[in-house]
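Each chain is listed here by its residues.
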Amino acid sequence: MGETDMERRAALITGSTSGIGLGVARALAKAGFDVTLNGFGDREAIETLRAGLFAETGVSVRYDAADLMGPEACADLVRAAIGAHGRLDVLVNNAGMQHVAPIEDFPVEKWDAILALNLSAAFHTIRAAMGAMKAAKYGRIVNIASAHAHVASPFKSAYVAAKHGLLGLTKTVALEGAPFNVRCNAISPGYVLTPLVENQIPDTMKARGLSREQVINDVLLAAQPTKQFVRVEDVAGLAVFLTTPAADQINGASLSVDGGWTAQ
Ligand code: NAD
């Protein structure tokens, strides 16, 4: 199945009940994809979101509550998405979490959880999706990495390690998928003001004795030359672009959307 098919294409976006994932899901739905949402949150709020997206776009919008901490749940999520929509054209691995602590105090269970969600979950979903994509001779896999896939910050050992690993996975899958018209790329955002970042602000205020404005301007945006947060829409627009024919030869890349952070 290719881009020129008149049939509707289908996308699965992990961690799409909030933040970047929700933005990517919304943009893909607007671009005409049937979408599977996934992630945590209040069931009623998620149903309102799902119904709203359907009302707005007219595509099929389904929700799967899979907890991606385990291999089987990841595989089941992919199988259910393919079962429901009959195909899987686009897989966006977005679900992620953060924990900030000096390495000597870094809780071992947080290390394990961050590696499981930010890295291993992408391996498990791709592993489950690859057969169908190869058979269809079409697939577009987008892994939401981070500027922290390229550079480090102190106190983020697990996150930085997982995101660097995700780039390695991205490149490997790109090579394996290339002969089958399956592409795999990473998008590496700088700071986006989502709940994941919001939640770091109070701790950083406390840890460094700073005001909210100081944390935003002197800590978060310190490395971002534009001195602006990246918008969810900036990341979502690029994800949609990667599903268009103009992006057919982009493979194994990490595309930075970080206001120049990693240009330094
Ligand atoms: P967010 O906290 O707003 O969203 C995370 C999503 O993942 C939510 O839908 C949440 O329910 C879901 N999730 C959490 N644990 C899960 C689990 N076990 N199983 C399934 N879903 C789970 O975060 P965000 O900022 O939108 O981050 C999305 C991705 O973007 C992450 O991979 C993050 O590392 C990456 N990223 C974020 C920023 C940023 O500044 N916000 C920058 C670079 C990269």
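Before any of the text, the structure's been laid out above.
The structure contained in this document is the topic of the report that follows. Remember, it's a predicted structure, so these values are computed and weren't measured experimentally.

What follows covers the overall build of the chain. For the chain, the count of helices and strands is nine helices and seven strands. Against the compact-globule benchmark of 18 Å for 264 residues, the chain has a radius of gyration of 18 Å, which places it among compact chains. By its C-alpha atoms, the chain is 55 × 40 × 35 Å across when sized along the principal axes. Taken across its 264 residues, the chain has 48% of its residues classed as buried. Of all intrachain contacts in the chain linking residues separated by at least 6 positions in sequence, the fraction that spans at least 24 positions is 71%. Counting only carbon and sulfur atoms, one obtains 57% of the accessible surface of the chain, whose full area is about 11700 Å². Seen as two clouds, the 23 positive and the 26 negative side-chain charges of the chain have centres 4 Å apart.

As a further point, take the site of the ligand. As a matter of local geometry, the ligand sits amid 30 residues, with Ser-18, Asn-94, Tyr-159, Val-192 and Thr-194 nearest to it. Here a nitrogen atom of the ligand and a side-chain polar atom of Asp-67 are 2.9 Å apart. The backbone of Val-192 places a nitrogen or oxygen atom 2.7 Å from an oxygen atom of the ligand. Going through the elements one at a time, α1 (19-30), α5 (157-177) and α6 (195-198) are the ones with two or more residues in the shell around the ligand. A total of three residues in the shell around the ligand trace back to one element, the largest contributor, which is α6. In terms of residue class, the shell around the ligand is built from 16 nonpolar, 12 polar and two charged.

On to the nonpolar core. Leu-12, Leu-68, Leu-88, Leu-91, Ile-141 and Val-173 are the most contacted members of the largest nonpolar core, which totals 35 residues. Of all the elements in the fold, those that place two or more residues in this core are α3 (71-85), α4 (108-136), α5 and β6 (182-189). With residues up to four places along the chain from it excluded, the contact list for Leu-12 reads Thr-36, Leu-77, Val-78, Ala-81, Leu-88, Val-90, Leu-91 and Val-92. In terms of nonpolar packing, the next biggest core, distinct from the first, is built from 30 residues, Ala-11, Ala-29, Leu-53 and Leu-238 among them.

Structurally, Lys-156 can be placed in the loop between β5 (139-144) and α5. For the buried residue Lys-156, which engages in no salt bridge, the nearest side chain bearing the opposite charge is Asp-203, 11 Å off. Residues in contact with Lys-156, not counting those within four places in the same chain, are Gln-98, His-99, Val-100, His-148, Tyr-191 and Gln-200.

Another point: the packing of aromatic side chains. One pass over the full model with this rule turns up one aromatic pair. Ring centres of Tyr-191 and Trp-261 lie 5.3 Å apart, and the angle between their planes is 15°; on these two criteria the pair is classed as stacked. Here Trp-261 lies in the segment after β7 (254-257) and Tyr-191 lies in the loop between β6 and α6, a separation of 70 residues in the sequence. Residue classification places Tyr-191 among the buried positions, given a relative accessible area of 10%.

The rules behind these values
- Residues numbered from 1 in each chain as written.
- Predicted model: local features only at pLDDT ≥ 70, side-chain atom pairs only at ≥ 80, totals over all residues.
- Heavy atoms only, no water.
- Helix = DSSP H or I, 4+ residues; strand = E, 2+ residues; numbered from the N terminus.
- Rg over C-alpha atoms; globule rule 2.2 N^0.38 Å.
- Buried < 20%, exposed > 50% of the residue type's maximum accessible area, 1.4 Å probe, protein only.
- Contact = heavy atoms within 4.5 Å.
- Areas by Shrake-Rupley, 256 points an atom, 1.4 Å probe, with all protein chains shown as cover.
- Lys, Arg positive; Asp, Glu negative; His and termini not counted.
- Charge placed at Lys NZ, Arg CZ, Asp CG, Glu CD.
- Near = heavy atom within 4 Å.
- Polar contact = N/O pair within 3.5 Å; in protein donor to acceptor, adjacent residues only side chain to side chain.
- Nonpolar A, V, L, I, M, F, W, Y, C, P; charged D, E, K, R; others polar.
- Core = buried A, V, L, I, M, F, W, Y, C linked by side-chain atoms within 4.5 Å.
- Salt bridge = Lys/Arg side-chain N within 4 Å of Asp/Glu carboxyl O.
- Phe/Tyr/Trp six-rings, centres within 6.5 Å; stacked < 30°, edge-to-face > 60°.

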